[in-house]
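Spelled out, the chains give:
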Amino acid sequence: MSIATINPATGQLLKTYDPMSPEQVDAAIGRADEAFRTLRRTTFAERARWMNAAADLLLRDCDELARLMTIEMGKTFASARAEVAKCAAACRFYATHAEGFLADEPADAKAVGATRAFTRYQPLGAVLAVMPWNFPLWQVMRFAAPALMAGNVGLLKHASNVPQSALYLGELFARAGFPAGAFQSLLVGAEVVERVLADPRVRAATLTGSERAGRAVARIAGQEIKKTVLELGGSDPFVVMPSADIERAAEVATTARCQNNGQSCIAAKRFIVHTDVFDVFAEAFASRMDALTVGDPMDPATDIGPLATEQGRIDIEEQVDDAVRKGARVLCGGQRPDGDGWYYPPTVITDLNPTMRIWSEEVFGPVAGLFRVDSYEQAIELANGTNFGLGSNAWTRDPAEQERFATDLDAGSVFINGMTTSYPELPFGGVKNSGYGRELSAYGIREFCNTKTVWMGEGLATGGAGAHSE
Ligand SMILES: O=CCCC(=O)O
């Protein structure tokens, strides 16, 4: 795909970019390496000041930036503004907490025959971030804020359909005061990733994206013996049990499936409902989905804008058509509208079986698969019967059942009676083919650190374990 902004609401090509030359990429890696030498010697207080300045800039640029995201990938302007605010909050979170998360951790010195022993977290260097278009700012920020606060530097290979968002991010941190080169955007195609990752000045990689892209990056990184964090797809279950507040569950189900025009890795995608409440939930859910307003993402009255790419709409259309051909029943939606733009209506589809693609594939659009089960055991079997394991959701007012779901759902997160969401305060990531490693919280900032063991014997200088600058 060429590097270009195409407005998904109209299909109109707005701007194209030439990819960077190999020499330009090499120079960018050189600048990153140089910036790392400076940044790793700065104090947490200096980095925190710059990170807070980045948050201020984001909020100052909020409307312009939100408009850019809407034009590049079709999310509603309101949700784009919320994304900017979430990014600013993440910057402030790591500005406040990085030093504590990375403080030296004293160990039992006596037990290991030392006079002093502790763990010290130190930055690794330049990290390549391969990021997707669905949250053009947030996906990048949840890597960049902890990475820079730890003293690492970043090279961003963003999705080819959000180049203007990428360019904004490539300038943000230098504008905020970080050393030039500490965070740069590489406008390149996917074929350049291998060369960047093979460069000895690049120490690790993080990728959010498809399973296919994750496998490719993990393969190269494995060859190069470089650390990776992978956050790949999801087909999150949303289980509704008889004791649940059905109205509330149906309301959250609608938001959970349709957030970001249905294009979120942690969107609820498979709605697994106990037979005792199936009909009442199905009715409440389908009527809410049907009532959503699809249209111009800049219009405040719009709930759902277009899908980000033409291919994205073709993909979900094919998944729905395949299921219908094999006997599935559409409760609402299911047909693309006429006219410009890559719109697809909120759709609920049931009577599914394992021969249908929708049964096992991730559906990256506002299409909900509805499944009927007879028991808790069946619900768990179906919920876990996927290669994915990112988020999960269960609705029940039975405390014993809540505990069981928390243990039995095979996923990186379990949300009971509330919507699966990412928070800077909580670790985020998956199991199985949804990836490995964690972003956010203390776990996220430590992923790209050398967890160094320090053992000291005789001749100990005075002073204990504590804060350090890298
Ligand atoms: O697409 C996955 C990320 C979703 C989120 O962090 O809210």
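The rules behind these values
- Residues numbered from 1 in each chain as written.
- Predicted model: local features only at pLDDT ≥ 70, side-chain atom pairs only at ≥ 80, totals over all residues.
- Heavy atoms only, no water.
- 1 Å grid on protein atoms, 1.4 Å probe; cavity = no way out; pocket = protein on both sides within 12 Å on 5 of 7 lines; lining within 4 Å.
- Points joined across faces, edges and corners; volume = space filled by probe spheres on them.
- Helix = DSSP H or I, 4+ residues; strand = E, 2+ residues; numbered from the N terminus.
- Nonpolar A, V, L, I, M, F, W, Y, C, P; charged D, E, K, R; others polar.
- Domains from an automatic or database assignment.
- Axes fitted to C-alpha atoms, helices over the stretch in contact; angles between N-to-C directions.
- Parallel < 35°, antiparallel > 145°, perpendicular 65-115°, else oblique.
- Left-handed = near helix turned anticlockwise from the far one by under 90°.
- Contact = heavy atoms within 4.5 Å.
- Pairing = 2+ DSSP bridges.
- Near = heavy atom within 4 Å.
- Polar contact = N/O pair within 3.5 Å; in protein donor to acceptor, adjacent residues only side chain to side chain.
- Areas by Shrake-Rupley, 256 points an atom, 1.4 Å probe, with all protein chains shown as cover.
- Sits in = over half its atoms within 2 Å of the grid points.
- Core = buried A, V, L, I, M, F, W, Y, C linked by side-chain atoms within 4.5 Å.
- Buried < 20%, exposed > 50% of the residue type's maximum accessible area, 1.4 Å probe, protein only.
- Phe/Tyr/Trp six-rings, centres within 6.5 Å; stacked < 30°, edge-to-face > 60°.

**Student:** Just checking my understanding: could you explain the layout of surface pockets for this structure?
**Tutor:** Unoccupied space between atoms shows up once a probe the size of one water molecule is rolled over them. Looking at the second largest pocket, its volume works out to about 580 Å³. Forming the walls of the second largest pocket are 27 residues, and the residues nearest its centre are S79, F135, Q259, N260 and M419. Broken down by secondary-structure element, the contributors of at least two residues to the lining of the second largest pocket are α4 (77-101), α5 (138-150) and α9 (246-258). With four residues, α4 is the single largest residue contributor to the lining of the second largest pocket. The class makeup of the residues in the lining of the second largest pocket is nine nonpolar, 13 polar and five charged. Shared between two domains, the lining of the second largest pocket holds at least three residues of each, these being domain 1 (3-232 + 430-454) and domain 2 (236-416).

**Student:** What is the right way to read the packing of α9 against helix α10 (residues 275-291) from this model?
**Tutor:** A pair of packed helices is captured by two measures, namely the crossing angle of their axes and the spacing between those axes. It is the contact of α9 with α10, at a shortest axis distance of 9 Å, that shows an interaxial angle of 45°. Between α9 and α10, the angle falls in the class oblique. Judged by the twist between their axes, the crossing of α9 over α10 is right-handed. On α10, the residues that touch I246, E247, A249, A250, E251, A253, T254, R257 and C258 of α9 are V277, V280, F281, A284, F285, R288 and M289. Looking at the contact of α9 with α10 residue by residue, the classes come out as eleven nonpolar, one polar and four charged.

**Student:** When you look at the sheet that holds strand β11 (residues 268-274) in this model, what are you seeing that I'm missing?
**Tutor:** Working definition: the strands of a sheet are paired by backbone hydrogen bonds and lie parallel or antiparallel to each other. Strand order in the open sheet made by the seven strands is β12-β13-β14-β11-β10-β15-β16, with mixed pairing throughout. The open sheet terminates on both sides in strands that have one partner only, identified here as β12 (329-332) and β16 (415-416). Taken together, the three bridges between strand β10 (residues 236-240) and strand β15 (residues 393-395) define a ladder with parallel strand orientation. In the strand pairing of β15, V240 is matched with W395. Here helix α11 (residues 310-325) sits on the sheet and contacts β12, β13 (347-350) and β14 (367-373); the angle it forms with β13, its principal contact strand, is near 30°.

**Student:** Would you take a moment to explain the site of the ligand for this structure?
**Tutor:** Surveying the vicinity of the ligand reveals the residues N134, F135, W138, Q139, R142, S264, C265, I266 and S422. At a separation of 2.9 Å, an oxygen atom of the ligand approaches a polar side-chain atom of W138. Between the ligand and the protein, one listed contact pairs an oxygen atom with a side-chain N or O atom of S422 at 2.6 Å. In isolation the ligand has 250 Å² of accessible area, and contact with the protein removes 96% of it. More than half of the atoms belonging to the ligand lie within 2 Å of the grid points that define the second largest pocket. The residue makeup of the shell around the ligand, split by class, is four nonpolar, four polar and one charged. If you count residues domain by domain, the shell around the ligand takes at least three from each of domain 1 (3-232 + 430-454) and domain 2 (236-416).

**Student:** When you look at empty space enclosed by the protein in this model, what are you seeing that I'm missing?
**Tutor:** Enumeration according to the criterion identifies five cavities of 30 Å³ or more in this entry. Estimates place the volume of the largest cavity at around 100 Å³. Every residue lining the largest cavity is counted, 13 residues in all, and those nearest its centre are R142, F143, P146, G444 and F448. Among the elements of the structure, α5 and α15 (441-447) are those that each provide at least two residues to the lining of the largest cavity. If one sorts the elements of the lining of the largest cavity by residue count, α5 sits on top with four residues. Among the residues making up the lining of the largest cavity, the classes are represented as six nonpolar, three polar and four charged. Broken down by secondary-structure element, the contributors of at least two residues to the lining of the second largest cavity are β10 and α13 (376-384). Class assignment for the residues of the lining of the second largest cavity results in six nonpolar, six polar and three charged.

**Student:** Please clarify how the nonpolar core should be interpreted in this entry.
**Tutor:** Counting residues in hydrophobic clusters, the biggest one holds 92 residues, and the most contacted among them are M51, L58, L128, M141, F143, F173 and F183. Considering each element in turn, this core owes the most residues, twelve residues, to α4. Composition of this core by domain shows at least three residues from each of domain 1 (3-232 + 430-454) and domain 2 (236-416). Beyond its immediate chain neighbours, meaning those up to four positions away, L128 contacts L155, K157, V193, V196, L197, V202, A204, A205 and T206. Residues V273, A282, I304 and W395 belong to the second largest nonpolar core, which totals 27 residues.

**Student:** I keep staring at the packing of aromatic side chains and nothing clicks. Help me out?
**Tutor:** How two aromatic rings sit relative to each other is given by the distance of their centres and the angle of their planes. All chains considered together, the criterion is met by 14 aromatic pairs. Ring centres of F93 and Y94 lie 5.1 Å apart, and the angle between their planes is 85°; this geometry places the pair in the edge-to-face category. Taken as a pair, F93 and Y94 share a single burial class, namely buried. Taken together, a centroid distance of 6.1 Å and an interplanar angle of 85° make the contact between F143 and F448 edge-to-face. Taken as a pair, F143 in helix α5 and F448 in the loop between α15 and β18 (449-456) lie far apart in primary sequence, 305 residues in all.

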